[in-house]
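The primary structure of each chain is shown beneath.
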Amino acid sequence: QVQLVESGGGLVQPGGSLRLSCAASDIIFSSYYMGWYRQAPGKQRELVAIILPGLNTNYGDSVKGRFTNSRDNAKNTVHLQMNSLRPEDTAVYYCKANYGGKVYWGQGTQVTVSS
């Protein structure tokens, strides 16, 4: 059974950093597009970053220059390094894997940026 398990969320002060991880199981990880999305209360889910099998990465406009997405195909893991966090980054962050019409989501991890 395919599983995506996120970790690394928590409470951080504005300007701080967090590193999220998403561990995948039971997929050919290296073939999958791996993405991070987030959803704040009352808002639609939005793209944060996506990393392709060839390591090209795209970012949402609001996080460019602050977040870095990376993947470790040997460990079936994708990471999201989040720096210079702002209160508006507060949301539940979800990991997504998709390839060949198959789409999988993680359960989400809460990130709260507050003083």
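Coordinates for the structure precede this section.
Residues numbered from 1 in each chain as written. Predicted model: local features only at pLDDT ≥ 70, side-chain atom pairs only at ≥ 80, totals over all residues. Heavy atoms only, no water.

## Digging into the overall build of the chain
Piece 1. A count of helices and strands for the chain gives zero helices and 11 strands.
Piece 2. When the helices and strands of the chain are placed in sequence order, the string is β-β-β-β-β-β-β-β-β-β-β.
Piece 3. On C-alpha atoms alone, the chain measures out to a radius of gyration of 13 Å, which is about the 13 Å that the 2.2 N^0.38 rule sets for 115 residues.
Piece 4. Dimensions along the principal axes, computed over C-alpha positions, put the chain at roughly 40 × 25 × 25 Å.
Piece 5. Of all 115 residues assigned to the chain, the portion counted as buried reaches 40%.
Piece 6. Residue pairs in contact within the chain that sit at least 24 positions apart in sequence constitute 52% of those at least 6 positions apart.
Piece 7. In the form shown here, the chain has an accessible surface area of approximately 6,100 Å², with 46% of it arising from carbon and sulfur atoms.
Piece 8. Averaging the positions of the 11 positive and the 7 negative side-chain charges in the chain gives two centres separated by 2 Å. (Helix = DSSP H or I, 4+ residues; strand = E, 2+ residues; numbered from the N terminus. Rg over C-alpha atoms; globule rule 2.2 N^0.38 Å. Buried < 20%, exposed > 50% of the residue type's maximum accessible area, 1.4 Å probe, protein only. Contact = heavy atoms within 4.5 Å. Areas by Shrake-Rupley, 256 points an atom, 1.4 Å probe, with all protein chains shown as cover. Lys, Arg positive; Asp, Glu negative; His and termini not counted. Charge placed at Lys NZ, Arg CZ, Asp CG, Glu CD.)

## A short note on the nonpolar core
Piece 1. Counting 27 residues, the largest nonpolar core has Met-34, Leu-80, Met-82 and Tyr-93 as its most contacted members.
Piece 2. Put simply, the parts of the chain that give this core at least two residues each are β3 (18-25), β4 (33-39), β5 (46-51), β8 (77-82), β9 (91-99) and β11 (109-113).
Piece 3. Leaving out residues up to four positions away in the same chain, Met-34 has contacts with Leu-4, Cys-22, Phe-29, Ala-49, Ile-50, Ile-51, Asn-69, Arg-71, Val-78, Cys-95, Lys-96 and Ala-97. (Core = buried A, V, L, I, M, F, W, Y, C linked by side-chain atoms within 4.5 Å.)

## Some points on the pattern of salt bridges
Piece 1. The final tally for this structure, using the stated rule, is four salt bridges.
Piece 2. With its nearest N and O atoms 2.8 Å apart, the salt bridge here joins Asp-89 to Arg-66. In this pair, Asp-89 sits in the loop between β8 and β9 while Arg-66 sits in the loop between β6 (57-59) and β7 (67-72), placing the two residues 23 residues apart along the sequence.
Piece 3. It is possible to trace a salt-bridge network through shared partners that takes in Arg-38, Glu-46, Arg-66 and Asp-89. (Salt bridge = Lys/Arg side-chain N within 4 Å of Asp/Glu carboxyl O.)

## Thoughts on the side chain of Ser-21
Piece 1. You can see Ser-21 is positioned in strand β3.
Piece 2. You can call Ser-21 buried: its relative accessible area is 16%.
Piece 3. Separated by 2.8 Å, the side chains of Ser-21 and His-79 make a polar contact.
Piece 4. Setting aside anything within four residues of it in sequence, one finds Ser-21 in contact with Val-5, Glu-6, Ser-7, Trp-36, Thr-77, Val-78 and His-79. (Polar contact = N/O pair within 3.5 Å; in protein donor to acceptor, adjacent residues only side chain to side chain.)

## Some details on the side chain of Arg-66
Piece 1. Given the relative accessible area of 7%, Arg-66 is considered buried.
Piece 2. From its side chain, Arg-66 meets the backbone oxygen of Ser-84 in a polar contact 2.9 Å long.
Piece 3. Every residue in contact with Arg-66, bar those within four places of it in the chain, is listed here: Gln-81, Met-82, Asn-83, Ser-84, Leu-85, Arg-86 and Asp-89.

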